[in-house]
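Descriptive structure summary
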Amino acid sequence: MEVPENIKKRLTLPFDEHFYAGHTACQGCGASLGLRYVLKAYGKKTIVAIPACCSTIIAGPWPYSALDANLFHTAFETTGAVISGIEAALKALGYKVKGEDGIMVVGWAGDGGTADIGLQALSGFLERGHDAVYIMYDNEAYMNTGIQRSSSTPYGAWTTNTPGGKKHFLEKRHKKKVIDIVIAHRIPYAATASVAYPEDFIRKLKKAQKIPGPSFIQLFAPCPTGWRSPTDKTIEIARLAVQTAYFPLFEYENGKYKINMPNPKKEPKPIEEFLKLQGRFKYMTKEDIEILQKWVLEEWERLKKLAEVFG
Amino acid sequence: MEYKPIRKVVSGNYAAAYAALHARVQVVAAYPITPQTSIIEKIAEFIANGLADIQYIPVESEHSAMAACIGASATGARVFTATSAQGLALMHEMLHWASGARLPIVMVNVNRAMAPPWSVWDDQTDSLAQRDTGWMQFYAENNQEVYDGVLMAYKIAENVNLPAMIIESAFILSHTYDVVEMIPQELVDEFLPPRKPLYSLANFDEPFAVGGLATPNDYYEFRYKIAKAMEEAKKVIKEVGKEFGERFGRDYSEMIEKAYIDDADFVFMGMGSLMGTVKEAVDLLRKEGYKVGYAKVRWFRPFPKEELMEIAESVKGIAVLDRNFSFGQEGILFNEAKGSLYNTSARPIMKDYIVGLGGRDFTVKDVKAIAEDMKKIIESGKLDREIEWYHLKR
Ligand SMILES: Cc1ncc(C[n+]2csc(CCOP(=O)(O)OP(=O)(O)O)c2C)c(N)n1
Ligand code: SF4
């Protein structure tokens, strides 16, 4: 569609849509927004591999697909492997992969399919250096099977297998830092992103497209259903996750760290602001909140140091 | 071009690797496991020496090997992998994915016993446990059949859009050298033209999705189509086997290779390398006046039910040799063969001999002893027991 000039000037995101309305995500779903941005960035010459997760359903049942791109549904733990195979075949068949005009091969997997069951295939993909982009949309639990914890679920969160009760909640482990595991592979490009900051996300997607080799983006994608949050608060919650430094935005590029916070000078807001909009944290006591706050700030200091030393 | 075979002395594994090379595979993803490893090593060597232009993915597990093959095949490439036992078991989930996505992947599985206890020797339970994955299965008797099998498998698989497994036995074939007649590349190319995929992820004209959710309203029909393709495969297998015979002199038009059936009192039925031993024994037994024959099941999936029914009509007994076992029931080939004959009037006496598990030697002497046992059964018309664990140390 031709975009009028006056509108074009004001656009901060690509105008074209390649993710159709009529998909079956819940209202306020962060993941579906994320997928929409991915396709905005890459267009229809994209092959998306989706393992078992909410996005399997979001894309729609046979014979439908909400994606204006080729979509291969794959087994839960295989995203890294299947995109490796697709990339290899494209090369064997003589196609250009990645780069400005190449075919984009995208793995789009949840935190469970990435941080847990798919970690091995992810590691293999990263280590072998395939020209593809792996995006982990992080909704911090297994939503597709009904809100069970993943290793990316934060301390203090209620899930159906770490329920809160009279005694206490069960989730006592801090969120796994998948991105650190990814960076340990010393790949050319890794970044965190958030659906609350689409310009930043798209910029990172474009960067991942240009840089040869494997790229990884961990996208923060709130899930109102699983987080017990109002459906109109998705963006606000995602923004607070960044502002509280609970989920800081940063890039790792060829050994260098760069923090991309919207207001770099500002001190992080108290973690309560992020927690209070979500029913999943209602079992936390004051002490629990302190424990989480301490962890968040420690991790934040750690990241700042990394950016200082390897900036 | 006139067909003049190139004779090479190679192991079963090298025969497999050469066949993959000659089939012009484009992507190989594989993970090492004894006794399969030398297949993928050889392919790596071909690439290193510039004999082939193959994208080689040294994956981190067999599960990923199959997943990568699936991704590559869905993109339109001709792909190959090989594995064995624990590796095949680890692939199990993805085997369903390959057939469900209708991908003509060809894999060589080296039959090896499942652990525990650890064993690296021959046993068919690993591949037979994959019976219901929608993969075609060809059991090779010797290194030549490994080579021929891989080449035919691509043609058959790409015709019916189902994956195929070529199965060879651990060490007995995988590491044993024998003369293999290879086919000059140009003639392989004539027999096996480049793949024309059913669909390709690299085609962006009309965006599409593969493998998503199907409701109860649709799933059933997807299964039916695979069932139909398997049925269709029987015809294609015979045609391709016949064409192979016409072009290269080795006929594979029968899904069950048989000899001495017409006047035999009973036949030995089995699969894979042990049937080489049986052939030799049967020739000797014939000279000694035993009226025996053999029936080697080449293709276990699709199962050659009709051919088996024909054999059953002319013999009084069938001694099934199972180098495998399904716990709680019986040998797997025995089970399949018996089941296939239920609705016919031809019901020869059948006995299941469990032999050679975990690489236990199975020799001509053993075949003779079994012939002796079968002869008694046929003469008395009484089956002493249905299943015999033949080598059991009592
Ligand atoms: C091997 C295997 N084990 C379990 C499942 C069941 N399963 C499907 S989706 C899913 C959870 C997905 O969670 P995540 O990756 O975080 O994505 P989300 O659903 O949150 O979008 C599970 C456990 C499966 N499909 N395959
Ligand atoms: S459960 Fe959560 S992630 Fe899944 S579709 Fe609904 S909002 Fe999106």
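For the structure given in this document, a descriptive report is provided here. Each chain has its residues counted from 1, following the order in which its sequence is written. For this description, chains carry letters from A and ligands carry numbers from 1, given in the order in which they are written. With pLDDT at 70 or above as the cut-off, local features in this predicted model cover only qualifying residues; side-chain atom pairs require 80 or more to be listed or tallied, and sums for whole chains, interfaces and linings still use all residues. Excluding hydrogens and water, the side-chain values take into account all heavy atoms of the structure.

1. Things to note about the pattern of salt bridges
Just so we agree on the cut-off: Here a salt bridge means any side-chain nitrogen of Lys or Arg lying within 4 Å of a carboxyl oxygen belonging to Asp or Glu. Secondary structure counts use DSSP, requiring at least four H or I residues in a row for a helix and at least two E residues in a row for a strand, with both numbered from the N terminus. Burial classification: accessible surface area is computed with a 1.4 Å probe over protein chains only, and a residue below 20% of its type maximum counts as buried, one above 50% as exposed, and the rest as partly exposed.
Under the definition given, this model contains 60 salt bridges over all chains. Of the charged contacts in the structure, one is a salt bridge between K175 of chain A and D138 of chain A, with a shortest N-O distance of 2.5 Å. Note that K175 of chain A is positioned in the loop between strand 4 (133-138) and helix 7 (178-183) and D138 of chain A in strand 4, a separation of 37 residues in sequence. Exposure remark for K175 of chain A: the relative accessible area of 8% places this residue in the buried category. What makes D138 of chain A buried here is its relative accessible area of 0%. For E141 of chain B, the salt bridge identified is with K279 of chain B, shortest N-O distance 2.8 Å.

2. Thoughts on the packing of aromatic side chains
As a reminder, the rule being used: The rule is short: rings of Phe, Tyr and Trp, with Trp giving its six-membered ring, pair when the centres are within 6.5 Å, and they are stacked under 30 degrees, edge-to-face over 60, tilted in between.
Using the criterion set out here, one finds 31 aromatic pairs over all chains in the structure. For the pair F220 of chain A and W227 of chain A, a centre-to-centre distance of 5.4 Å together with 55° between the ring planes defines the contact as tilted. Like F220 of chain A, the residue W227 of chain A is buried in the burial classification. Ring centres of F244 of chain B and F248 of chain B lie 4.9 Å apart, and the angle between their planes is 70°; this geometry places the pair in the edge-to-face category. Within this pair, F244 of chain B and its partner F248 of chain B are both found in helix 8 (residues 219-248), separated by 4 residues, close to a single helical turn. Relative accessible area serves as the criterion here: at 5%, F248 of chain B is assigned to the buried category.

3. Things to note about the site of ligand 1
Residues and elements named next belong to chain A. Under the convention used in this document: A cutoff of 4 Å decides nearness: a residue is near a molecule or strand if any of its heavy atoms lies inside that distance of it. Counted as a polar contact is a pair of N or O atoms within 3.5 Å, where, for protein atoms, one must be capable of donating a hydrogen and the other of accepting one, and residues adjacent in sequence contribute only when both atoms are in side chains. Basically, the charged four are Asp, Glu, Lys and Arg, the nonpolar ten are Ala, Val, Leu, Ile, Met, Phe, Trp, Tyr, Cys and Pro, and anything else, Gly included, counts as polar.
Looking at ligand 1, there are 17 residues lining it, with G112, G113, Y137, A141 and N144 nearest. Contacts to ligand 1 include M143, whose backbone N or O atom sits 2.9 Å from an oxygen atom. Within the contact set of ligand 1, an oxygen atom lies 2.8 Å away from a backbone nitrogen or oxygen of N144. If one sorts the elements of the shell around ligand 1 by residue count, helix 5 (residues 111-116) sits on top with 3 residues. Here the shell around ligand 1 is built from residues that sort into 9 nonpolar, 6 polar and 2 charged.

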